[in-house]
Amino acid sequence: MSSSPNKLNVHALVWQETQLSVLDQRQLPEQVHYDTFSTAPEVAEAIKSMRVRGAPAIGIAAAYAVALSVQQHYALDNTQWRQQVNADIAILAAARPTAVNLFWALSVMQDVLACQSGSPVAAMISKAVEIHQQDIAANQQMGEIGADILADAQSLLTHCNAGALATGGYGTALGVIRSAVQRQARTVFAGETRPWLQGTRLTVWELAEDNIPVTLIADSAAAVLMHSGKIDWIIVGADRIAANGDVANKIGTYSLAVLAKYHSVKMMVVAPVSTIDFTMDNGSQIEIEQRAASEFLPDCYMHKDSLIGAWNPVFDVTPAELISVIVTERGAVFNPFEQGVKELQNENRI
Ligand code: MRU
């Protein structure tokens, strides 16, 4: 295989000393275009508008945004700078509701800021860079753990984009696929992921950039593909995992999990511990983002007298009982339905 587990071809976020460059994922695969931001509200807008998306990447972008905010407001040397940073943090927290990595990263950055007595700028930038680097390392670790579990499984189906584009680099679900393909040839399928088409526009592009062959399917072809016996594992990422192992992820994940159960296909969720919300007992407490009808309702239905609306929840919750294994950088939890994932709170677990 020509891909290497340590080679990172695709970068969603690039820190450039005093600014953050963000790959505009709305323009992929046609254009590889980066925007460069120097303020937190600009980054919040980039998260909201999905220039940058995917739970870990949203968290990392938010960490850099807090560093940008401190850099901007502390430099003005006024007594109000902490209030201005807090106002920026509130703007960032309102950008998207479901991915817990956003709130996790903001809280880590706030803790570091609280400990600074002298100039905080360098410390804040270095913490954001550390969060970014640790995410890549966690992904590479999860890739190996997940590939061990797959062993010789031949045929893999993923949903949405849980790759380098959705993380600091390497990816969660796609990290496992990268590591597995590195060991031996596999057959990889990707669902198109309506309505935003993360599978069509991002996942197949990202895999091809890494020389990994992939077959795109319409979401609605998943059942017949599983029925044909051609899928061994479904591998997905997560936006928030509750303490009992329920998983919020891209809309359509729950459908795949139900289909997987019926067809005896195994279901793997891959996510760093920063995606686990230990404060939530179960998935019913997770806020599910609703996005605009215009994401898939044709323009001709969008006038004020129209009788046609659209319902656009962009995540769903898969109950733990439908999940075979949750893979994290602290190891894997098989059958999370039995005991949930609370054991992963232990930093020394692996
Ligand atoms: O709406 P998106 O594109 O931000 O949703 C992304 C997903 O649902 C991913 O599967 C999830 O964030 C995991 S990314 C490693």
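Residues numbered from 1 in each chain as written. Predicted model: local features only at pLDDT ≥ 70, side-chain atom pairs only at ≥ 80, totals over all residues. Heavy atoms only, no water.

S.K.: Please clarify how the site of the ligand should be interpreted in this entry.
M.R.: Near the ligand there are 19 residues, and of these Ala 55, Arg 96, Asp 239, Asn 249 and Lys 250 occur at the shortest range. Backbone polar atom of Ala 55 to an oxygen atom of the ligand: 2.8 Å apart, as the coordinates give it. Between the ligand and the protein, one listed contact pairs an oxygen atom with a side-chain N or O atom of Arg 96 at 2.8 Å. A total of 410 Å² of accessible area belongs to the ligand in isolation, and the protein chains cover 100% of it. Within the residue set of the shell around the ligand, elements represented by two or more residues are helix H2 (55-75) and strand E9 (247-250). Its residues assigned to classes, the shell around the ligand shows eight nonpolar, seven polar and four charged. Here the shell around the ligand spans two domains, and each of domain 1 (13-135) and domain 2 (144-345) adds at least three residues to it. (Near = heavy atom within 4 Å. Polar contact = N/O pair within 3.5 Å; in protein donor to acceptor, adjacent residues only side chain to side chain. Areas by Shrake-Rupley, 256 points an atom, 1.4 Å probe, with all protein chains shown as cover. Helix = DSSP H or I, 4+ residues; strand = E, 2+ residues; numbered from the N terminus. Nonpolar A, V, L, I, M, F, W, Y, C, P; charged D, E, K, R; others polar. Domains from an automatic or database assignment.)

S.K.: In this structure, what is going on with the pattern of salt bridges? I would like to understand it.
M.R.: Opposite charge on two side chains makes pairing possible when the charged atoms of those side chains draw close. Summed over all chains, the structure comprises 15 salt bridges. Ionic pairing is found between Arg 291 and Glu 289, a salt bridge with its closest N-O pair at 2.7 Å. The pair formed by Arg 291 and Glu 289 is uniform in burial state, with each residue classed as buried. Each member of the salt-bridge network shares a partner with another, and the members are Arg 96, Glu 289, Arg 291 and Glu 295. (Salt bridge = Lys/Arg side-chain N within 4 Å of Asp/Glu carboxyl O. Buried < 20%, exposed > 50% of the residue type's maximum accessible area, 1.4 Å probe, protein only.)

S.K.: What is the right way to look at a nonpolar patch on the surface in this model?
M.R.: A contiguous nonpolar patch, built from Tyr 301, Leu 307 and Ile 308 and spanning about 340 Å² of accessible area, is present on the exposed surface. Here Leu 307 is to be found in the loop between strand E11 (276-277) and strand E12 (315-318). (Patch = residues over 30% accessible without salt bridge, like charges linked within 9 Å, V, L, I, M, F, W, Y side chains within 5 Å.)

S.K.: Which parts of the structure should I look at to understand the sheet that holds E12?
M.R.: Sheet strands pair via backbone hydrogen bonds, and the direction of the pair is either parallel or antiparallel. With mixed pairing, four strands are arranged side by side in an open sheet as E11-E8-E9-E12. On the outer flanks of this sheet lie E11 and E12, each paired with one strand and no other. Note: strand E8 (residues 240-242) against E9, two bridges, orientation antiparallel. Within E9, the residue paired with Ile 241 across the bridge is Val 247. Across the face of the sheet, helix H9 (residues 253-263) comes into contact with E9 and E12 while running at roughly 35° to E12. (Pairing = 2+ DSSP bridges. Contact = heavy atoms within 4.5 Å. Axes fitted to C-alpha atoms, helices over the stretch in contact; angles between N-to-C directions.)

S.K.: What am I meant to see in the environment of Ala 242 here?
M.R.: Position of Ala 242 relative to the elements: it lies in strand E8. Distance from Ala 242 to Leu 322, taken between C-alpha atoms, is 14 Å for residues 80 residues apart in sequence. If sequence neighbours within four positions are ignored, Ala 242 has contacts with Asp 277, Met 280, Asp 281, Asn 282, Gly 283 and Val 341.

S.K.: Would you mind showing me how to read the sheet that holds strand E10 (residues 266-270) here?
M.R.: Taken in spatial order, the seven strands line up as E6-E5-E4-E7-E10-E13-E14 in an open sheet, and their pairing is mixed. Two strands close off the open sheet at either side, each with one partner strand: strand E6 (215-217) and strand E14 (331-334). On average, each strand axis in the sheet is inclined to that of its neighbour by 25°, with strand direction left out of account. Bridging between strand E4 (residues 155-158) and strand E7 (residues 233-236) involves three bridges; their strand directions are parallel. Across the sheet, Leu 157 pairs through a bridge with Ile 234, a residue of E7. Along the sheet, helix H5 (residues 121-150) makes contact with E4, E7, E10, strand E13 (325-328) and E14, crossing E13 at roughly 150°.

S.K.: What exactly am I supposed to notice about helix H6 (residues 173-183) here?
M.R.: Since one α-helical turn is 3.6 residues long, residues separated by three or four positions face the same way. Across the eleven residues of H6, nine count as buried, placing the element largely inside the fold. Packed against the buried residues of H6 are H5, E4, strand E5 (187-191), helix H7 (198-209), E7 and E10.

S.K.: Even after reading the chapter, I still don't get the nonpolar core, so can you show me in this structure?
M.R.: Grouped burial of nonpolar side chains is what soluble globular proteins tend to show. In terms of nonpolar packing, the biggest core is built from 43 residues, with Leu 13, Leu 20, Val 43, Val 52, Met 109 and Met 124 touching the most fellow members. For this core, the elements supplying multiple residues, two or more each, are strand E1 (13-16), strand E2 (19-23), helix H1 (40-48), H2, helix H3 (81-93), helix H4 (100-114) and H5. Once residues within four sequence positions are removed from consideration, Met 124 is found in contact with Val 66, Ala 67, Val 70, Met 109, Val 112 and Leu 113. In this structure, Ala 222, Val 265, Val 269 and Ile 326 belong to the second largest nonpolar core, which totals 26 residues. (Core = buried A, V, L, I, M, F, W, Y, C linked by side-chain atoms within 4.5 Å.)

S.K.: Can you help me understand the domain arrangement of the protein in this one?
M.R.: Where the parts come together, the accessible area they lose is often given as the size of the interface. Considered domain by domain, the protein is made up of domain 1 (13-135) and domain 2 (144-345). Centre-to-centre, using C-alpha coordinates, domain 1 lies 25 Å away from domain 2. In total, about 2200 Å² of surface goes out of reach between domain 1 and domain 2, with carbon and sulfur atoms giving 55% of it. Summed over the three residues of domain 1 that lose the most area to domain 2, namely Arg 53, Thr 98 and Val 100, the buried surface amounts to 28% of that side. Across the pair Glu 289 and Arg 96 runs a salt bridge whose closest N-O atoms are separated by 2.9 Å. At the junction of domain 1 and domain 2, the tally comes to 16 residue pairs in polar contact (both at pLDDT 80 or more). For the side of domain 1 that touches domain 2, the secondary-structure elements that each account for two or more residues are H2, H4 and H5. Class assignment of the residues belonging to the side of domain 1 that touches domain 2 gives a composition of 14 nonpolar, six polar and five charged. (Buried area = accessible area lost by both parts, 1.4 Å probe.)

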